[in-house]
Amino acid sequence: MSNAAQEPRYEEPNAEAKVPYLRLAVALLAVSASAIFARYALHGAGPLAVSALRLTIASLPLLVIAFVRYPGRLPLRTEAGLALAGLALAVHFATWIASLLYTSVALATLLVCTTPLWTIAFDAFVLRKAIERRAWLALALAAFGLAVVVMSRNAPAPVRGHALLGVLLALSGALAIGAYMLIVRALATHPAKGVRLATTQTVARTFGWAAIVLLLAMAFARQPAPGNDPLAWGGIVAMALVSQLLGHTLLNAALRRFSPTQLSTTILLEPVIAGLLAAVAFHEHVGVAALAGGACILVALFLMIRMKDQGTELPQTAELLA
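Residues numbered from 1 in each chain as written. Predicted model: local features only at pLDDT ≥ 70, side-chain atom pairs only at ≥ 80, totals over all residues. Heavy atoms only, no water.

Novice: Can you tell me about the nonpolar core, naming the residues and giving the values?
Specialist: Membership of the largest hydrophobic core comes to 48 residues, with the highest contact counts inside it found for Val50, Leu100 and Tyr180. Contributing elements (two or more residues each) for this core: helix H3 (34–42), helix H4 (47–69), helix H5 (76–99), helix H6 (105–112), helix H9 (163–189), helix H10 (199–220), helix H11 (230–254) and helix H13 (270–282). Beyond its immediate sequence surroundings of up to four residues, Val50 is in contact with Ala41, Leu42, Ala45, Ile97, Ile236 and Met239. Among the nonpolar cores identified, the runner-up in size contains 25 residues, and Ala121, Leu139, Ala300 and Met307 belong to it. (Core = buried A, V, L, I, M, F, W, Y, C linked by side-chain atoms within 4.5 Å. Buried < 20%, exposed > 50% of the residue type's maximum accessible area, 1.4 Å probe, protein only. Helix = DSSP H or I, 4+ residues; strand = E, 2+ residues; numbered from the N terminus. Contact = heavy atoms within 4.5 Å.)

Novice: Tell me what's going on with unusual backbone geometry, and back it up with residues and numbers.
Specialist: Positive phi is not limited to glycine here, since Arg222 has a value of about 55°. Here the phi dihedral of His283 falls at roughly 55°; this positive angle occurs in a residue that is not glycine. Among the secondary structure elements, His283 is positioned in the loop between H13 and helix H14 (288–309).

Novice: Quick one: what's the story with a nonpolar patch on the surface, residue by residue and with numbers?
Specialist: On the surface, Leu22, Val26, Val237, Leu241, Val242 and Leu246 cluster together into a nonpolar patch covering about 440 Å² of accessible area. Contributing elements (two or more residues each) for the nonpolar patch: helix H2 (15–32) and H11. For the nonpolar patch, the leading source of residues is H11, giving four residues. Counting through the fold element by element, Leu241 comes out in helix H11. Judged by relative accessible area, Leu241 falls into the partly exposed class, the value being 42%. (Patch = residues over 30% accessible without salt bridge, like charges linked within 9 Å, V, L, I, M, F, W, Y side chains within 5 Å. Areas by Shrake-Rupley, 256 points an atom, 1.4 Å probe, with all protein chains shown as cover. Salt bridge = Lys/Arg side-chain N within 4 Å of Asp/Glu carboxyl O.)

Shown next, in the form of structure tokens:
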């Protein structure tokens, strides 16, 4: 046998094996860019108008799909629960988008990702559930990181002098999405008249109700649409189609290849990517102290994810909807 025949042949990597990783990368980039798109949208409209128009554009195709696949009415109690979840979702979008006026993109995105920390704190302090020492360590680390972030100085936001307001608005967005998940979980755990909702139904109807709430708030607050502002409209449409529909659809598709724990860990990169995009788009830089505080919060979130992976009972949470 010749030496050439004995040499191992180099084989090109299977292209199909790369597809899930490519989808996940595109999804993460699309979702992380949401804050960048929102900043452009806020140049031509108020936060309520931006939130309302984004949710309206994103919810319409979802509602069409849901009504085609699942025609018919839902029990009144179920519809009321979905409307309440939609209200929480509306608060989430309105407060988080508003926070981008007063604080940096990186910090706003990081703080709105802290929902798992607030849900376990709710269990510990309100429901009086027994919490593991590791969870207390994560909460203490997150509290320290949050304090450092609040006291740090960063690049000026579009509206200067209200950094604390921006932090509080972003945290309100995290709390609101936690309330949304608790309501949705209750609907799934205790279905009215035995009617169990598909994910498409839940997402479509809650988005629809959130859009209605925000459109009413937009009208009440007299925040008009951007008008003839292509940059603002581009930001709104990109948030709805790129970040919301494309990004979250690809994240759901990634669950076929990656475990929820792997996906949750990867999503922790979202504030980092958002911060890098903001540095390029707006020359927005985060200070050393804020970076240190943000790192503490990310480590705390990672500890929560690892605890869930090891079988520790934690409140059910969802991927970031921002």
